[in-house]
Amino acid sequence: MTEIRHRTVFDSEQQRAGTTYARALLGASERAGVTETVMAEFASLVRDVLDKLPKWDAALTSPRIPYERKEQMLDRALRGKMHPLLLNFLKVVARRGRFDCLRAIGRALQDEYNLLRGRVEVDVCSAESLDSAAQSAIAERLRSVLGREVHLRLRVDPAIVAGLTIRVGDTVYDGSVVNQLARMREEILNHTNQQIRLNLDRFAVER
Amino acid sequence: MKFSADEIASVIQAELEQFESQLDVREVGTVLEVGDGIARVHGLSGVMANEMVEFPTGVQGQAFNLEENSVGIIILGDYLQIEEGAEVRALGQLLSVPVGEAVIGRVLDPLGNPLDGKGPVNAKERRPVEIIAPGVAERQPVREPLQTGLKAVDAMTPIGRGQRELLIGDRKTGKTAIALDTILNQKDSGVKCFYVAVGQKDSSVAGVVKMLEDHGAMDYTTVIVAGASSPAPLQYVAPYAGTSMAEYFMWQGQHALIIYDDLSKQAVAYRQLSLLMRRPPGREAYPGDIFYAHSRLLERSVKLSEKLGGGSLTSLPLIETLEGEVSAYIPTNVISITDGQIYLQPDLFFAGIRPAMNPGISVSRVGGAAQVKAMRNVAGGLRLDLASFRELEAFAQMGTELDAATQSRLDRGYRMVELLKQPQYKPMHVVDQILSIYAGTNGYLDNVPVDQVQQWEKDFLQFVHTHKKDVWRMLDTRKNEAATLKSPDDQTTKAVRAAIEEFKRQYTRRSAD
């Protein structure tokens, strides 16, 4: 069986299906009161099992293997090692032939969970790694502005020179020095161009 | 000339001192897939329909499809450098182009960027590309003529300022030639001309620009080019962009003329975009809103009311048919939108009848009211006469014996067809046209051999210009009076007759020698 070499970065159709499954899983686990356990186990399943064993992942995803076999595989490998609710969920996913959406489900699960708990994920990018005091200051400030619990995802990128870029959802607040430099360059170019066009004599030198 | 570095430095310094560092807030999305001039983007949750977006390469795009999980973007520029995962930012603006006197004489792309190497466009104003056309109260009926300088068109299918007249025909039948002659004829009329080339060979466009320059027509003309190698989104946008530039002059109370060469190729570009965006295909695989794409464009050609300055925008859309098939989808659409059509036929073209206009099925629905009065008096029945002549001619070819009356109608028809021929790039003044057609319709050419008609016309007009300038001037001043050349007793009629008869005496004497 050929392995999947290039996974599409993001598939909006899968994401749509994933959101539906994630909501269902979250609803069931919330009722059973085991949401945090299920989420942790789900993340671990993707990270520690499927990412490490791509062939097993491919087998579960493959439409050529009947779902009974997939259920047996899941039972043999995972029974007793994870919460039965999650195992049942995986079997449902296998039966519906939606195992290809598993990572999309994982992403949607996190988003839906944040929504449920009134949290918001914020991407923070800085030029150097931030110490814990700076981190908590940023989180505190964002919490007061956004009015919601903030979960920071930190990233270090020396290319922004200094300052911070903060992304909440689809909105980017860009306070990076590299962005300011670019804007400064653009404004100066435009302005100087305009001045030269309006008043050529001022810049001309007699030879 | 040399630039002074110190002065430039001082400008930069002033600018630096004024620079305020503000937090840059932007709405972003991520490219999911890109290709063939379109991109699908995840995110951009607050983007609005037709809003502009910018890719990291600086290329701009337009939000075209707003879907549940993604946004379809048409990319107005080079799409080959854009990668999956790239950040797209919304600009919070609609697509706009520079307008004003600065665009006149330039060759521009549909975004208003110069293509002629004559430096940046120093426009002070911009106008959005998509504008809803003026409503009923803002218009008035078409009433002033727009002279094309072509006898056949000005006599039989007159065009008024604010009219939409379709030029339709197969390839190589002279559609562009008519449009370009019309531009050349606007030299002293004050009409600003816009030539929108969509999906054409860049070599043809270069030829057109060269020709316009050689005839001094670039002084009042703008050429907007989205060539065959331009991405489909630019070809789709070009007619709207050109219209925005032309509309500026209309709203200034001036007159403008725009030529869309041609709308079939724009329709094809729009079909490509729509299919790539997975909009459902309809007839001939065109999307459902292809009619709206053309109707909203052509509705923007308007004669504004006096209160709004009375400016006008006249448009000459071109449509290329295949094998004369006017009942295909796009031709029928555009025929139904426009105020008449000039139908060009290859068999006429190859028979040497140029412009190769078929008078039987060419019409102008509103131009009659705008026609120069003297021309209307002279050429009123010409179109129907010529159409019936064609039928008679076909009948006569069967070798039947003809009575004298029919034979004389045939003879008159042959001479009129000959008289309406006109070489390319030689537009005629309306008074010259009136004189020629008066001579033809009143039988003064009946005893001139058919192959000498064109020479006769040339000599006659030269005669009038050299010896009868007073008659020419009288016609020019009185051409808009209803009585001119109407009754035989009118002063103008008498003067023109006397001039023709005097010329004929000279002509027969000369040919007898």
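Quick notes on the rules
- Every residue gets a number counted from 1 within its own chain, in the order that chain's sequence is written.
- Going through the entries in the order they are written, you letter the chains from A and number the ligands from 1.
- With the structure being a predicted model, the display of local features is reserved for residues of pLDDT at least 70 and the display and counting of side-chain atom pairs for 80 or more, all residues being used for whole-chain, interface and lining totals.
- Each side-chain value is derived from all of the structure's non-hydrogen atoms; neither hydrogens nor water enter the calculation.
- What counts as a helix is a DSSP run of H or I of at least four residues, what counts as a strand is a run of E of at least two, and both are numbered from the N terminus.
- To sort residues, take the accessible area from a 1.4 Å probe on protein chains only and compare it with the maximum for the residue type: under 20% means buried, over 50% means exposed, and anything in between is partly exposed.
- Counted as positive: Lys and Arg. Counted as negative: Asp and Glu. His and the chain ends are not counted at all.
- Every charge is mapped to an atom, namely NZ of Lys, CZ of Arg, CG of Asp or CD of Glu.
- Restricting the calculation to C-alpha atoms gives the radius of gyration, and the globule rule supplies 2.2 Å times the number of residues raised to the power 0.38.
- We get accessible surface area from the Shrake-Rupley algorithm with a probe of 1.4 Å; when it comes to residues, only the shown protein chains can shield them.
- Every residue pair with non-hydrogen atoms within 4.5 Å of one another is taken to be in contact.
- The quantity reported as buried area is the accessible area (1.4 Å probe) lost by two parts once they are put together, taken as the sum for both.
- What makes a salt bridge here is a side-chain nitrogen of Lys or Arg within 4 Å of a carboxyl oxygen of Asp or Glu, nothing more.
- Think of a polar contact as two N or O atoms within 3.5 Å of one another; within protein, one of them needs to be a possible hydrogen donor and the other a possible acceptor, and neighboring residues in sequence only count if both atoms come from side chains.
- In this classification, the charged set is Asp, Glu, Lys and Arg, the nonpolar set is Ala, Val, Leu, Ile, Met, Phe, Trp, Tyr, Cys and Pro, and all remaining amino acids, among them Gly, are polar.
- When DSSP finds two or more bridges between a pair of strands, those strands are recorded as paired.
- Note on definitions: angles span 0 to 180 degrees between N-to-C directions of axes, and those axes are lines fitted to C-alpha atoms, for helices only across the stretch in contact.
- As a per-residue measure, pLDDT tells how confident the predictor is, with possible values from 0 to 100.
- Between 30 and 60 degrees the pair is tilted, below 30 it is stacked and above 60 it is edge-to-face, where a pair is any two Phe, Tyr or Trp rings, Trp via its six-membered ring, whose centres lie within 6.5 Å.
- By definition, any crossing whose near helix is turned counterclockwise from its far helix by less than a right angle is left-handed, and any crossing with a clockwise turn is right-handed.
- With strands facing away from the observer, any crossover in which the path from the first strand over the helix to the second runs clockwise is taken as right-handed.

**Remarks on the overall build of chain B**
Phase 1: For chain B, the count of helices and strands is 16 helices and 17 strands.
Phase 2: Each of the three principal axes of chain B carries a C-alpha extent, and together these read 90 × 60 × 45 Å.
Phase 3: Buried residues in chain B amount to 55% of all 513 residues.
Phase 4: With 54 positive and 65 negative side-chain charges, chain B shows a spacing of 7 Å between the two charge centroids.

**Brief notes about the overall build of chain A**
Phase 1: Secondary structure summary: chain A contains 9 helices and 5 strands in total.
Phase 2: Starting at the N terminus and walking to the C terminus, you meet the elements of chain A as α-α-α-α-α-α-β-α-β-β-β-α-α-β.
Phase 3: Over its C-alpha trace chain A gives a radius of gyration of 25 Å, far above what one expects of a compact globule, namely 17 Å for 207 residues.
Phase 4: Dimensions along the principal axes, computed over C-alpha positions, put chain A at roughly 90 × 45 × 25 Å.
Phase 5: Every one of the 207 residues in chain A was classed for burial, and the buried ones make up 37%.
Phase 6: Surface exposure of chain A reaches about 12700 Å², of which carbon and sulfur atoms provide 51%.
Phase 7: Where the 33 positive side-chain charges of chain A centre and where its 28 negative ones centre are 6 Å apart.

**Things to note about the environment of B:Gln272**
Residues and elements named next belong to chain B.
Phase 1: Summarising the element assignment, Gln272 is placed in helix α6 (residues 263-276).
Phase 2: Put simply, Gln272 and Ile330 are 58 residues apart on the chain and 15 Å apart in space, counted from C-alpha to C-alpha.
Phase 3: Discounting chain neighbours no more than four positions away, the residues touching Gln272 are Asp36 and Ala232.

**A word on the interface of chain A and chain B**
Phase 1: The interface of chain A with chain B comprises 29 residues on the first partner and 35 residues on the second.
Phase 2: Across the chain A/chain B interface, buried area totals approximately 3100 Å², and carbon plus sulfur atoms make up 59% of it.
Phase 3: For the pair chain A and chain B, the interface holds 2 salt bridges.
Phase 4: A salt bridge links B:Arg26 to A:Asp174; its shortest N-O distance comes to 2.8 Å.
Phase 5: Linking chain A to chain B there are 8 residue pairs in polar contact (both at pLDDT 80 or more).
Phase 6: Elements represented by at least two residues in the side of chain A that touches chain B include exactly α1 (12-32), β4 (171-174), α8 (177-198), α9 (200-203) and β5 (204-205) of chain A.
Phase 7: Its residues assigned to classes, the side of chain A that touches chain B shows 11 nonpolar, 9 polar and 9 charged.
Phase 8: In the sheet, β4(A) pairs with strand β2 (residues 24-35) of chain B via 4 bridges, with the strands oriented antiparallel.

**Some thoughts on the sheet that holds strand β15 (residues 312-320) of chain B**
Consider a sheet: its strands pair through backbone hydrogen bonds, and that pairing is either parallel or antiparallel.
Residues and elements named next belong to chain B.
Phase 1: Taken in spatial order, the 8 strands make up an open sheet running β9-β13-β12-β14-β15-β11-β16-β17, and their pairing is mixed. Edge positions in the open sheet fall to β9 (107-108) and β17 (363-364), since each of these has one partner strand only.
Phase 2: With 6 bridges connecting them, strand β14 (residues 255-261) and β15 associate as parallel partners. Within β15, the position partnered with Ile258 by the bridge is Ser315.
Phase 3: Along the sheet, helix α8 (residues 329-337) contacts β11 (166-169), β15 and β16 (340-344); its crossing angle with β11, the most-contacted strand, is approximately 155°.

**A word on the confidence of the model for chain B**
Residue and element names in this part refer to chain B.
Phase 1: This prediction gives chain B a mean pLDDT of 93; 100% of its residues lie at or above 70.
Phase 2: Least confident of the elements in chain B is strand β1 (residues 2-3), whose mean pLDDT is 74; most confident is strand β12 (residues 192-198), at 98.
Phase 3: Both confidence scores are given for the complex: pTM 0.89, ipTM 0.77.

**So, the confidence of the model for chain A**
It should be kept in mind that the predicted coordinates are not to be read in detail where pLDDT is low.
Phase 1: Looking at chain A, the pLDDT average stands at 88 and 94% of residues meet or exceed 70.
Phase 2: Ranking the elements of chain A by mean pLDDT puts β5(A) last, at 75, and helix α5 (residues 84-95) of chain A first, at 93.

**What about the packing of aromatic side chains?**
Residues and elements named next belong to chain B.
Phase 1: As enumerated under the stated definition, the model contains 16 aromatic pairs over all chains in all.
Phase 2: Ring centres of Phe64 and Tyr236 lie 6.2 Å apart, and the angle between their planes is 80°; on these two criteria the pair is classed as edge-to-face. Of this pair, Phe64 sits in strand β5 (residues 60-66) while Tyr236 sits in helix α5 (residues 232-251), placing them 172 residues apart in sequence. You'll find Phe64 and Tyr236 in the same group, each marked buried.
Phase 3: For the ring pair Tyr286 and Tyr329, a centre distance of 6.0 Å and an interplane angle of 50° mean the geometry is tilted.

**Focus on the pairing of strand β3 (residues 38-43) of chain B**
Residue and element names in this part refer to chain B.
Phase 1: Both β2 and β3 contribute to a ladder of 6 bridges, which runs antiparallel. By the bridge assignment, Gly35 is partnered in β3 with Ile38.
Phase 2: Hairpin connection between β2 and β3: a loop of 2 residues separates the two successive antiparallel strands, and Asp36 in this loop has a positive phi of roughly 50°.
Phase 3: In this structure, β3 lies alongside strand β6 (residues 71-76), joined through 4 bridges in antiparallel fashion. Of the residues in β6, the one forming a bridge with Ile38 is Ile74.

**Section: the packing of helix α3 (residues 54-61) of chain A against helix α4 (residues 67-78) of chain A**
All names here are of chain A.
Phase 1: One can describe the packing of α3 onto α4 by two numbers: an axis separation of 10 Å at closest approach and a directional angle of 145°. For the element pair α3 and α4, the recorded crossing hand is left-handed. Side by side, α3 and α4 meet where Trp56, Ala59, Leu60 and Thr61 of the first sit next to Lys70, Met73, Leu74, Ala77 and Leu78 of the second.
Phase 2: Residues belonging to the contact of α3 with α4 are distributed by class as follows: 7 nonpolar, 1 polar and 1 charged.

**Here's the deal with unusual backbone geometry**
Glycine aside, residues mostly have negative phi, and peptide bonds are mostly found in the trans state.
Residues and elements named next belong to chain B.
Phase 1: A cis amide bond links Asp261 to the next residue, Asp262, at an omega of -5°.
Phase 2: Note that Asp262 resides in the loop between β14 and α6.
Phase 3: That bond from Arg354 to Pro355 is cis: its omega, 0°, falls within 30 degrees of zero.
Phase 4: With respect to the helices and strands, the residue Pro355 is situated in the loop between α9 (346-350) and β17.
Phase 5: In this structure, Asp36 is a non-glycine residue whose phi angle is positive, near 50°.
Phase 6: Within the secondary structure, Asp36 is located in the loop between β2 and β3.

**Looking at the pairing of strand β13 (residues 221-226) of chain B**
All names here are of chain B.
Phase 1: Counting buried residues along β13, 6 of its 6 residues qualify, which places the element largely inside the surrounding structure.
Phase 2: Of the two faces of β13, the one lined by Thr221, Val223 and Val225 and the one lined by Thr222, Ile224 and Ala226 are each fully buried.
Phase 3: Bridge analysis of β9 against β13 gives 2 bridges, and the strand direction is parallel. Residue Leu108 lies in a different strand from β13, and its bridge partner there is Ile224.
Phase 4: Note that β12 and β13 share 6 bridges and pair parallel. Residue Val198 lies in a different strand from β13, and its bridge partner there is Ala226.
Phase 5: As a crossover connection, the stretch from β12 through helix α4 (residues 202-214) into β13 is right-handed.

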